[in-house]
Amino acid sequence: MKITKKIFPSQKGGITWYELTNAQGASVVLSTMGAGIVEVRVPDRDGTIENVALSYVDAADYIADGPCLGKCPGRYANRIAKGHLEIGGKEYQLAINNGPNALHGGPEGFQNQNWAAEEIADGVKFTYSAKDDEEHYPGALTVTAIYHWNDHNVLELDFHAESDADTVVNMTNHAYWNLDGADAGSIFNHEMKLKASRWLPTDETQIPTGEMADVVSTPMDFTEFKKIGEEIKADFEALRIGKGYDHCWVIDGWQPGKMIENAVELRAEKSGRKLVVSSDQPGVQVYTGNWLAGCPKNRSGRSYEDYDGVAIEMQGFPDSPNKPEFPSQLLKAGESYDRKIRFAFSAE
């Protein structure tokens, strides 16, 4: 594995990009800003290697960007209702930064921090230490995000976290994918399949109601391959609320610590590329880039437009701290949080 690095200036100090190139000539670029994925360069059916992860030109543009492009949000990814958190009988008020709710750990979150980095044999280990009461969460917490890249074009992401006090943790990666090329335009023709027969309906502020609803006979049914754009404009309340897909699906067969293979499959007919995502997380938030317009410029010299990429965020459920019926995201002092996400790229 060949690893090279570049350092870019920013208001948060030098941002380091690590490029990992495998024996096939395929590569990934990772960033200390938010422990982020900047590029994933993989071949199409004809062997042409191209980046398939939406990315900005300027390393500093990843700081405080609206789309959270490619980064690892935390300490709690996704939404917590009204920023309300209760742990051990004590209430905490988080910052409100998404309508009436808390999103992605707060205005700064882990995604806007410049993580420490260490090269390993087949990847990079990123580390961030959050102070007690940072973004009003309890507990001093140290989290690592370890990326491994191999010669089979598989990118694996391992999260590990420990806290000195009871807290909540929900880590994911927020890369946006376009398998025809990062700047190729709409992903409506991409086909997606989810190993999920239920989804989480939400209120108008996108907080889950607590119900786990069957996908049958709804636009939320991706139990077989279906084009993302086929029903995205359907007259369906959830799609009106989100301006497209921005919802969490319940992974079939999930159990704590169990790796669910092929939880999500994404394929593009034009390029022949395919992405298979496996994880031990209970849910997947699929976000079709409904609000990408106006983001920083990409390598084509333009901003992305809405629906130019799809984020596949393997994670715990939104608002789990306020929904005892959901899988718990509580991390007790002295215990360890360990989660895994695997992105496998191929072409056919």
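Note that the coordinates shown come from a computational prediction; the quantities given were computed from them, not determined experimentally. (Residues numbered from 1 in each chain as written. Predicted model: local features only at pLDDT ≥ 70, side-chain atom pairs only at ≥ 80, totals over all residues. Heavy atoms only, no water.)

(A) Here's a closer look at the layout of surface pockets. By volume, the largest pocket amounts to about 510 Å³. In this structure, the largest pocket is lined by 28 residues; those nearest its centre are Gly-66, Pro-67, Asn-98, Leu-103 and His-104. Contributing elements (two or more residues each) for the lining of the largest pocket: α1 (237-242) and β23 (283-287). The class makeup of the residues in the lining of the largest pocket is 10 nonpolar, 13 polar and five charged. (1 Å grid on protein atoms, 1.4 Å probe; cavity = no way out; pocket = protein on both sides within 12 Å on 5 of 7 lines; lining within 4 Å. Points joined across faces, edges and corners; volume = space filled by probe spheres on them. Helix = DSSP H or I, 4+ residues; strand = E, 2+ residues; numbered from the N terminus. Nonpolar A, V, L, I, M, F, W, Y, C, P; charged D, E, K, R; others polar.)

(B) Summary view of the environment of Ile-96. As for its placement among the helices and strands, Ile-96 is situated in the loop between β8 (90-93) and β9 (102-103). Relative accessible area serves as the criterion here: at 41%, Ile-96 is assigned to the partly exposed category. Ile-96 sits 80 residues away from Tyr-176 along the chain, and the two C-alpha atoms are 24 Å apart. When neighbours within four sequence positions are excluded, Ile-96 is seen to be in contact with Lys-82, Gly-83, Asn-101 and Ala-102. (Buried < 20%, exposed > 50% of the residue type's maximum accessible area, 1.4 Å probe, protein only. Contact = heavy atoms within 4.5 Å.)

(C) View of the nonpolar core. Counting residues in each nonpolar core, the largest one holds 67 residues, and the members touching the most others are Val-40, Trp-177 and Trp-249. The greatest single-element share of this core, amounting to five residues, is contributed by strand β12 (residues 141-149). Counting residues in each nonpolar core, the second largest holds 18 residues, with Val-29, Leu-69, Cys-295 and Tyr-304 among its members. (Core = buried A, V, L, I, M, F, W, Y, C linked by side-chain atoms within 4.5 Å.)

(D) Representation of empty space enclosed by the protein within the structure. This structure, assessed with the given rule, holds one cavity of 30 Å³ or more. The computed volume of the largest cavity comes to approximately 50 Å³. In terms of residue count, the dominant contributor to the lining of the largest cavity is strand β20 (residues 246-250) (three residues). Each residue belonging to the lining of the largest cavity can be placed in one class, and the counts come to four nonpolar, five polar and two charged.

(E) Layout of the side chain of Glu-39. Relative to the assigned elements, Glu-39 resides in strand β4 (residues 36-43). Within polar-contact distance, the side chain of Glu-39 engages the side chain of Arg-299 at 2.9 Å. When near neighbours in sequence (up to four residues on either side) are disregarded, Glu-39 contacts Ser-27, Val-28, Val-29, Asn-51, Ala-53, Ser-55 and Arg-299. (Polar contact = N/O pair within 3.5 Å; in protein donor to acceptor, adjacent residues only side chain to side chain.)

(F) Region of the structure containing the sheet that holds strand β26 (residues 336-347). The strand order across the open sheet built from nine strands is β10-β11-β12-β13-β26-β22-β21-β16-β19, with neighbouring strands paired in antiparallel fashion. A strand with exactly one partner marks an edge of an open sheet, and here the two such strands are β10 (116-120) and β19 (226-227). In this sheet, β19 lies alongside strand β16 (residues 191-194) in antiparallel orientation, the contact comprising two bridges. The residue of β19 that forms the bridge with Met-192 is Lys-226. (Pairing = 2+ DSSP bridges.)

(G) Main features of the state of the cysteines. Inspection of the entire model under this criterion finds zero disulfides. Cys-72 provides the cysteine sulfur closest to Cys-68, a residue in no disulfide bond, and the two sulfurs are 8.3 Å apart. Assessed through its relative accessible area of 3%, Cys-68 is described here as buried. As a non-bridged cysteine, Cys-295 has Cys-68 as the owner of its nearest cysteine sulfur, 13 Å distant. Owing to a relative accessible area of 9%, Cys-295 belongs among the buried residues under this scheme. (Disulfide = S-S within 2.5 Å.)

(H) Just the side chain of Ser-303, in detail. Mapping Ser-303 onto the fold places it in the loop between β23 and β24 (310-315). Here the side chain of Ser-303 touches Gly-294 through a polar contact of 3.1 Å, landing on its backbone nitrogen. Within the local environment of Ser-303, its side chain forms a polar contact with the backbone oxygen of Cys-295, the two atoms lying 2.9 Å apart.

(I) A look at the packing of aromatic side chains. Inspection of the entire model under this criterion finds 17 aromatic pairs. Judged by centre distance (4.7 Å) and plane angle (50 degrees), the ring pair of Tyr-56 and Tyr-62 falls under tilted. The two residues Tyr-56 and Tyr-62 agree in class, both being buried. On the numbers, 5.9 Å between centres and 65 degrees between planes, the contact of Tyr-176 with Tyr-287 is edge-to-face. Remark: Tyr-287 occurs in strand β23 and Tyr-176 occurs in strand β15 (residues 176-177); sequence separation between them is 111 residues. In this structure, Tyr-176 and Tyr-287 share a single accessibility class: buried. Taken together through their ring pairs, the aromatic side chains of Phe-8, Trp-17, Tyr-56 and Tyr-62 make up a single cluster. Note that Arg-267 overlies the ring of Phe-225, its terminal NZ or CZ placed 3.6 Å from the centroid. (Phe/Tyr/Trp six-rings, centres within 6.5 Å; stacked < 30°, edge-to-face > 60°. Lys NZ or Arg CZ within 6 Å of the ring centre and 35° of its normal.)

(J) Structural detail: the pairing of β4. Most of β4 is tucked away, with six of its eight residues classed as buried. Looking at chain direction, strand β3 (residues 27-31) and β4 are connected through five bridges and run antiparallel. Residue pairing in the sheet places Leu-30 in a bridge with Ile-37 of β4. Hairpin connection between β3 and β4: a loop of four residues separates the two successive antiparallel strands, and Gly-34 in this loop has a positive phi of roughly 70 degrees. Relative to strand β5 (residues 49-51), β4 is paired through three bridges, and the arrangement is antiparallel. Its bridge partner being in β5, Pro-43 is matched across the sheet by Ile-49. The loop that links β4 with its antiparallel partner β5 comprises five residues; one of these, Gly-47, has a positive phi angle of about 90 degrees.

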